[in-house]
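Descriptive structure summary
One letter stands for each residue in the lines below.
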Amino acid sequence: MDDPSRREPNNLPGEEPQRAPTVAGPAMWSGLHSSIPPPPRAGHELPFVQPSSYLRPKFRSRTTPVPTTPMAPIDDEQLQGLRGLRNFLRVRTSYDVLPLSFRLIILDNDLLIKKSLDILSQNGIVSAPLWDSHQSRFAGLLTATDYINLIQYYCQFPEHIDDVDKFRLSSLRDIEKAIGVLPLETISVHPSRPLYEACSRMLRSRARRIPLVDIDHETERETVVSVITQYRILKFIAVNTEQHTMLLKQTVREIGLGTYKNLATAKMTDSVLEVINLMVVHNISAVPIVDKNNVVLNVFEAVDVIPCIKGGTYDELKSTVGEALSKRPDDFQGIYTCQEDDRLDSIFVTLRQSRVHRLVVIDDNSHLKGIISLSDILKYVLFTGVTDDESETAPRP
C-alpha cells in the first residue's frame, strides 16, 4: 500500500523501481566534484545529487567564467516541448496520477494537534486531509505550515503554554487569527478534472499539494479520494512525456528559472527556532544551510520541524540545526543540486529518476547561487510561451 503524502519514493505506472543515490565513502557525499571539502560534522551533511551531467554542453570548459547574460528568448524547439507538456496535462486527469494502490490517512477535525503529530510521525507522512465529522465534509489539509503557526503562537503567547496541548485541529484557524497570519485558501479539485486545472489551482494558491474531492452520488456528500503533490505531478510528466521533455534544451540561466536574490540562509549552529523565523519572515518552505564561505552543506525544510515538536514538547526548538538534521531517517536521499548551465531536460531526467522537492543551484565550488522550487518548474511549464489558441482551450480553474 502507498500513502500519497509520504516522503519516500513512490513508483508510478510504467516506472522502474528507483534506487537511492550511491553514497561514496564514509563522508556521505555523492554527485559532486572532488574539490568539495569533507563535511565537518558527520551525520549533518547528507548526499548531494546533480542532474545528469552528460546532458550539459561538452564544448565549454567547466572552469571558464560565464558572463552574465539576459534571459534568452524561447526557441521553437523549447516552445514545441512546452506545448506538448501542456497538451498532455489537458488530456490527462488528476486521477491518472495516482498509483495503482495507495492508502489515505484522514484526520478528524476534533483530534488533538498533539495526537496528529504522533500519527504523522508513526506513519511516515508529512500532511493529511482534515474531515469535519459534524458537517460530513472536507475541512482542509494539515501541513507543516500549521505546526509552524502553532510554534509562532507558542512564542508570541508563552503565558498560554498550558493551552497549546489542548488545541484541536479545528483550532488551527483560530491560531492563524491570533498570530495575524492570513489563512491559506482551502482548495481541492475533482479527480476527473484535467490535470492542468489541478496545477493551475496549486500555483495560484501557492499550495504544494491538492486534495482530490469527489461527491458520493448516493449520499451527495463529499469524499476525499487522495492528495496529489507537485512532486508527483512533475514525476508523472517526466515518466510519460520524455518525447517532449527532451526538447527542453535551454539552460537554467537562459530561462531564468529559480530565485537568486535575497536568499535566506542559516548556519549549522543556528537554532531551529531561528530558522523557523526565517521561513515565516520570507514566506518560504526551505532554508539552505551554508558555512562561513557560503558553501552549501544542507537544507532545512519545513517538514523537519515536525520531529522537533513530536510528543508536544518544544524544548528541541532551541537545539541547533545540525542536531535537528542528524535525526532525519536513514533513507533520506540527500540534497539535489544543479548549476546554471544545466539544461531543463536534464532536470526532468533527475525528476524521473529520483524524489526531488527542490534543486539548490551551486557553482563549481558548491557556493550557493540560488534555489529552484518545484513551483518554479511547474509555473514555467504551464505559463511560458502560451499562445492565444492555447489560452482559449485551457480549462478554467
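Described in the following lines is the structure provided in the data block. No experiment lies behind these values; they were computed from the predicted model shown.

Before going further, it helps to examine the overall build of the protein chain. Looking only at helices and strands, the protein chain has 16 helices and 11 strands in total. A burial count over the protein chain gives 51% of its 397 residues as buried. Taking contacts inside the protein chain between residues at least 6 apart in sequence as the whole, the part at least 24 apart equals 70%. About 19000 Å² of surface is accessible on the protein chain, with carbon and sulfur atoms providing 50% of the total.

A few words now on the sheet that holds strand β2 (residues 107-108). Pairing within the open sheet is mixed, and its three strands lie in the order β2-β3-β4. Sheet topology places β2 and β4 (137-142) at the edges, where each strand pairs with a single neighbour. In this sheet, strand β3 (residues 128-132) lies alongside β2 in parallel orientation, the contact comprising two bridges. Pairing of D108 across the sheet is with W131, part of β3.

With that settled, the discussion passes to helix α3 (residues 113-123). Taken residue by residue, α3 has I113, S116, L117, L120 and N123 as its buried positions. Seen from one end, α3 has its buried residues packed into an arc of 150°, which puts them on one side. Summarising the contacts, the buried residues of α3 are in contact with β2, β3, β4, α4 (144-156), α6 (172-179) and α12 (305-308). Just beyond α3, the residue with positive phi is G124, at close to 65°.

Overall, the coordinates contain four aromatic pairs when judged by the stated rule. A centroid spacing of 5.5 Å and a plane angle of 35° characterise the contact between F88 and F236, whose relative ring orientation is tilted. Of the two residues, F88 is situated in helix α1 (residues 76-91) and F236 in helix α8 (residues 230-240); the sequence distance between them amounts to 148 residues. Here the aromatic rings of Y153 and F157 are separated by 4.9 Å at their centres, their planes lie at 40°, and the arrangement is tilted. Classification of Y153 as buried rests on a relative accessible area of 10%. Since its relative accessible area comes to 22%, F157 is described here as partly exposed. Here a set of aromatic residues connected by ring pairs shows up, and it is made of Y153, F157 and F167. Over the ring of Y196 we find R90; its NZ or CZ atom is 4.6 Å from the centre of that ring. Above the ring of F332, the side-chain terminus of R328 is found at 4.2 Å from the ring centroid.

Below, the discussion takes up the side chain of Q78. Turning to its location among the elements, Q78 is positioned in helix α1. Residue classification places Q78 among the buried residues on the basis of a relative accessible area of 0%. A polar side-chain atom of Q78 sits 3.0 Å from the main-chain amide nitrogen of K249. If sequence neighbours within four positions are ignored, Q78 has contacts with L247, L248, K249, Q250, I255, L344 and Y380.

Attention now goes to the pairing of β4. Each regular strand carries side chains that alternate between the two faces of the sheet. When β3 meets β4, the two strands line up antiparallel, connected through five bridges. Looking at β4, one finds that A128 is bridged to L142. Between β3 and β4, which pair antiparallel one after the other, the connecting turn spans four residues, and S136 there sits at a positive phi close to 50°.

Moving on: the pattern of salt bridges. As enumerated under the stated definition, the model contains 11 salt bridges in all. Its salt-bridge partner being D146, residue R173 comes within 3.4 Å of it at the nearest N-O pair. Taken together, the residues span a long stretch of sequence, with R173 in helix α6 and D146 in helix α4 at a distance of 27 residues. The salt bridge involving R253 is made with E340; its shortest N-O contact spans 3.9 Å. Placement of the pair is R253 in helix α10 (residues 252-255) and E340 in the loop between β9 (335-338) and α14 (344-353), with a sequence separation of 87 residues. For R253, a relative accessible area of 22% gives the class partly exposed. Put simply, D146, R173 and E176 are held in one network by salt bridges that share partners.

Parameters at a glance
- Residues numbered from 1 in each chain as written.
- Predicted model: local features only at pLDDT ≥ 70, side-chain atom pairs only at ≥ 80, totals over all residues.
- Heavy atoms only, no water.
- Helix = DSSP H or I, 4+ residues; strand = E, 2+ residues; numbered from the N terminus.
- Buried < 20%, exposed > 50% of the residue type's maximum accessible area, 1.4 Å probe, protein only.
- Contact = heavy atoms within 4.5 Å.
- Areas by Shrake-Rupley, 256 points an atom, 1.4 Å probe, with all protein chains shown as cover.
- Pairing = 2+ DSSP bridges.
- Arc of directions from axis to C-beta.
- Phe/Tyr/Trp six-rings, centres within 6.5 Å; stacked < 30°, edge-to-face > 60°.
- Lys NZ or Arg CZ within 6 Å of the ring centre and 35° of its normal.
- Polar contact = N/O pair within 3.5 Å; in protein donor to acceptor, adjacent residues only side chain to side chain.
- Salt bridge = Lys/Arg side-chain N within 4 Å of Asp/Glu carboxyl O.

Function cannot be inferred from these measures alone, as they are strictly geometric.
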